[in-house]
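Fold and geometry: a report
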Amino acid sequence: MVVRAPARLHLGFLDPGASLGRRFGSLGLVIDEFETVVELARADRDRLEAGPEGDPSELERAADHLRTLRREAGLAQPLSLRLHRSLPPHAGFGSGTQLALAVGRAFAALHALALPSERLAHWLGRGLRSGVGIAGFERGGLLLDGGPGAPGEGDSVAPLLARLHFPDAWRVLLVLEPGQAGLSGAEERRAIASLPPFPRDAAAEICHRALMQILPGAAAGQLEPFAQGLTRMQQLLGGHFAPAQQGSAWTSPRVGRLLEWIGARAPAAIGQSSWGPTGFAVLPGAAEAQALVRQAAEAGLVEPGLRLHVVRARNRGADIELRPAERALARA
């Protein structure tokens, strides 16, 4: 059983301050080329290993997920897990949720358990603030969720409010700095708790732009309103979260300099995914994206340590592949 879970970009919260009593709400985009690939099989004893493109440091987290799944499902058969490929951790790609869901979906499929991704996420402690990683795993595309609700309303996954097919022609220029890491875990929770309340008027503007610029722009294939809305959304959120990022809207100053240069020269939606350090620019097509990469390099803005990738959005969710022996069992 092989599960390929795609990366997602977290494009921003609607209302991190819960000005109407409902927390967060998220906009997200699933992208191609970056993925977590997990292979799970029955075995005579437990084995965990990482392939050449898998991060060995993620194996313990995968082992924790298997322990939780076995406890919740009441199943203890030995399993072999191979992490063929993994998303960069703490870089803005949703690596934790995608690993959890990849392991969870492989476990459920291998044992013929009809478990929805929301249940797997709940078991594995994912989706506590945002539901776009879970929806992205299932469906891909451009996603908007309504947040998990007010404290005390339970631990249900944030409801998916909208899912759009992202325009096929558009491209996403990703700017990575592998030596940097965004906030996560307890450090992330402390940072969020230390920030002042998010202004209600800023939340109102973000919601207005999401509903009347970002989503309609994507639905109609019109980059200009999409870019205006998303860039402004990122500016409002970047200013709010800056105190937790050394006073900057960008975790990586080098990523920020490059993307601001692009934003001043091209019709682009620019911003940072989650806590970064990965930044993005949504552009009208592949030719425009490659031209900007060349121009940025000539201008000396692609500083040492930065990695640039031009990718498509992914308008489908995770792929699940049965090995030949498993297909034979499924037909029996």
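Shown above is the structure to which this text applies.
In short, a report on the structure. Quantities reported herein were computed from a predicted structural model and do not represent experimental measurements. (Residues numbered from 1 in each chain as written. Predicted model: local features only at pLDDT ≥ 70, side-chain atom pairs only at ≥ 80, totals over all residues. Heavy atoms only, no water.)

**Let's talk about the pairing of strand E8 (residues 269-272)**
Formally: Residue burial is assigned from relative accessible area. The probe radius is 1.4 Å, only protein chains are included, and a residue is buried under 20% of its type maximum, exposed over 50%, and partly exposed in between. A run of DSSP states H or I qualifies as a helix once it reaches four residues; a run of E qualifies as a strand once it reaches two. Both are numbered from the N-terminal end. The pairing criterion is simple: DSSP has to find at least two bridges between the two strands.
Burial along E8 is two-sided: Ala269 and Gly271 facing one way and Ile270 and Gln272 facing the other are all buried. Relative to strand E9 (residues 279-283), E8 runs antiparallel, the two being bridged by four bridges. Of the residues in E9, the one forming a bridge with Ala269 is Val282. Counted along the chain from E8 to the antiparallel partner E9, the turn is six residues long, and its residue Ser274 has a positive phi close to 55°.

**With respect to the pattern of salt bridges**
Our working definition: Think of a salt bridge as a Lys or Arg side-chain nitrogen and an Asp or Glu carboxyl oxygen that are within 4 Å of each other.
Applying the stated rule across the entire model yields 17 salt bridges. For Arg254, the salt bridge identified is with Glu177, shortest N-O distance 2.3 Å. Of this pair, Arg254 sits in helix H8 (residues 253-263) while Glu177 sits in the loop between strand E7 (171-176) and helix H5 (185-194); the two residues are 77 residues apart in sequence, bridging distant segments of the chain. Measuring nitrogen to oxygen at the nearest pair gives 3.1 Å for the salt bridge that ties Glu303 to Arg257. Taken together, the residues Glu303 in the loop between helix H9 (286-298) and strand E10 (307-311) and Arg257 in helix H8 connect sequence positions 46 residues apart. Overall, the relative accessible area of 41% leaves Arg257 in the partly exposed class. Each of Arg4, Glu35, Glu53 and Arg85 takes part in one network of salt bridges that share partners.

**Section: the packing of aromatic side chains**
For the record, the criterion: Stacked, tilted and edge-to-face pairs are distinguished by plane angle, under 30 degrees for stacked and over 60 for edge-to-face with tilted covering the rest, among Phe, Tyr and Trp rings (Trp via its six-membered ring) whose centres lie within 6.5 Å.
In the structure shown here, the tally under the stated rule is six aromatic pairs. When the centroid spacing of 4.8 Å and the interplanar angle of 40° are considered together, the rings of Phe13 and Phe24 count as tilted. Here Phe13 is found in strand E1 (residues 2-15), whereas its partner Phe24 is found in strand E2 (residues 24-42), with eleven residues between them in sequence. The exposure class of Phe24 is buried, given its relative accessible area of 11%.

**Considering helix H4 (residues 132-139)**
This is how the line gets drawn: Contacts were defined at the residue level, with two residues in contact if any of their heavy atoms lie within 4.5 Å.
Burial runs high along H4: six of the eight residues are buried. Listing the buried residues of H4 in full gives Val132, Gly133, Ile134, Ala135, Gly136 and Phe137. Next to the buried residues of H4 lie E1, E2, helix H2 (95-110), helix H3 (117-123), strand E5 (142-145) and strand E6 (160-164).

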